[in-house]
Amino acid sequence: MKKFLLSIAAVAACIGASAQATYNYFDAVDVDANGWLWFDSQAKIDKYVGFGNKYKIQLQSATFEDAEGQYAEPFGDPEAIGWNAAGELGGEGAKKGAIVLPGGSVTNGSDSPNGGGIMLQLPDCAEFDLFLSTSDSPICVGLSGAKGWVEAIDCAVIQTYMKMGIFLNMALSNDAQYEWNNIQNLSNGNTGLTLAAPAGDKVTGLVRNNIKRDLYVHGIKVVTYTETSGIADVIADGGLNLTFDGESVNASVDAAIEVFAVSGSRVAMGNGSSLSLGNLAPGAYIVKATADCGTATIKIVR
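Quick look at the structure, then. Every residue gets a number counted from 1 within its own chain, in the order that chain's sequence is written. Note on the predicted model: pLDDT of at least 70 is required for a residue's local features to be given, and 80 or more for side-chain atom pairs to be given and counted; whole-chain, interface and lining totals, by contrast, use all residues. Values reported for side chains reflect all heavy atoms of the structure, with hydrogen atoms and water molecules removed beforehand.

For two strands to pair, DSSP has to find at least two bridges joining them. Helix and strand assignments come from DSSP, with helices taken as H or I runs of at least 4 residues and strands as E runs of at least 2, each series counted from the N terminus. Sheet architecture is open: six strands sit in the order S3-S4-S7-S12-S9-S10, paired in mixed fashion. Both edges of this open sheet fall to strand S3 (49-50) and strand S10 (156-160), since each of them pairs with a single strand only. Inspection of the sheet shows strand S7 (residues 117-122) paired to strand S12 (residues 203-209) by six bridges, in the antiparallel sense. Residue pairing across strands places Ile118 opposite Val207, the latter belonging to S12.

Laid out in structure tokens, this is it:
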């Protein structure tokens, strides 16, 4: 009987853990239906990407001097055209818009990645994914991190990927385009360091380019246990207006209407001048409408 009760307790604990609330680290109006933030607009780049800890995605310059005595800096470009998995620039499946990470100093990569990078100081971490491409395979990066919020210099190695032999330090991907999922689950074999962090445990993650060519970060998905995404800064422009009457969202012209929970997940969508939300649970939502004349976004509370 005791063993049976312990089994029930273990199952209940697992159910409770799986039911723990999570939130998209980025605002619902900026991510797609799957929670990805794509760098396909200057507005999103300006909002999230830059040097210094006022940005959710902190740019990191290369850590070696190039031929001109400069430390190459990464930058965001909504017009940057990426490569598809076959290595074709702008080919089918390629992405447009990216954070461009300048290359490192070593053609095949090294144990000390020194190309441009991005760093995130997170309140905790449930999921961390990146969408990458480069002009020629393979893709090689260095992943570092630390518990708490630290500077890049204080991050320790979690995993290093470089173009080496069969058994050591394999590349992250041998394709020119790669969707890198569940980065938080990687751990250092010696120290156990990982980016996965339970609710309230701050963590810093750092990804650096580790090969001698530019690396494009087209998209990012970060899920946390702490709600940090805002529902402010809503917009309405171009003559498109949205209103909410308590049951339906109404647009001034026909539009594609999307409704997001504050976690970033899309919970309803439709086309036309009105969308009924009567089946949604009470709470706060973000409504985004897109039409030929512009976009409009409002916060509603049911």
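Following the structure, the description resumes.
On to the pattern of salt bridges. Should a side-chain nitrogen of Lys or Arg be within 4 Å of a carboxyl oxygen of Asp or Glu, the pair is scored as a salt bridge. Following the criterion strictly, the structure yields seven salt bridges and no others. Residues Glu127 and Lys221 are paired through a salt bridge, measuring 3.8 Å at the closest nitrogen-oxygen approach. One end of the pair, Glu127, is in strand S8 (residues 127-134); the other, Lys221, is in strand S13 (residues 215-224), with 94 residues separating them in the sequence. Lys221 gets classed as buried once you look at its relative accessible area, which sits at 16%. The structure contains a network of salt bridges with shared partners spanning Asp27, Asp30 and Lys47. Under the scheme applied here, a residue whose accessible area is under 20% of the maximum for its type counts as buried, over 50% as exposed, and between as partly exposed, the area being computed with a 1.4 Å probe on protein chains only.

What follows is about the environment of Asn190. With respect to the element layout, Asn190 can be found in the loop between strand S11 (177-180) and S12. According to the relative accessible area criterion, Asn190 is exposed, its value standing at 77%. With 32 residues separating them along the chain, Asn190 and Ile158 place their C-alpha atoms 9.3 Å apart.

The next subject is the side chain of Thr134. Mapped onto the fold, Thr134 is located in strand S8. Residue Thr134 is classed as buried on the basis of its relative accessible area of 1%. Here a polar contact is taken to be a pair of N or O atoms separated by no more than 3.5 Å, where protein atoms must pair a possible hydrogen donor with a possible acceptor and residues adjacent in sequence count only if both atoms sit in side chains. Among the polar contacts made by the side chain of Thr134, one reaches the main-chain carbonyl oxygen of Asp214 at a distance of 2.9 Å. Excluding its chain neighbours within four sequence positions, the residues that come into contact with Thr134 are Trp83, Ile139, Ala176, Arg213, Asp214 and Leu215. Contact between two residues is taken to exist if any of their heavy atoms lie within 4.5 Å; hydrogens are not considered.

Taken as a class, soluble globular proteins show a tendency for nonpolar side chains to be buried jointly. The biggest cluster of nonpolar side chains holds 37 residues, and the ones touching the most others in it are Ile57, Ile118, Phe128, Leu130, Trp180 and Ile220. Counting only elements with at least two residues in this core, the list comes to helix H2 (42-48), strand S4 (57-60), strand S6 (96-101), S7, S8, strand S9 (141-147), S12 and S13. Per-element accounting of this core gives the leading share, four residues, to S13. Not counting chain neighbours up to four residues away, the residues in contact with Ile220 comprise Phe26, Gly35, Trp36, Leu37, Phe39, Ile57, Leu120, Phe128, Asp129 and Leu130. One finds Leu242, Leu275, Tyr285 and Val287 within the second-largest nonpolar core, a separate group that totals 18 residues. Buried residues of nine kinds, namely Ala, Val, Leu, Ile, Met, Phe, Trp, Tyr and Cys, make up a nonpolar core once their side-chain atoms join them within 4.5 Å.

Honestly, it's all geometry; don't read function into it.
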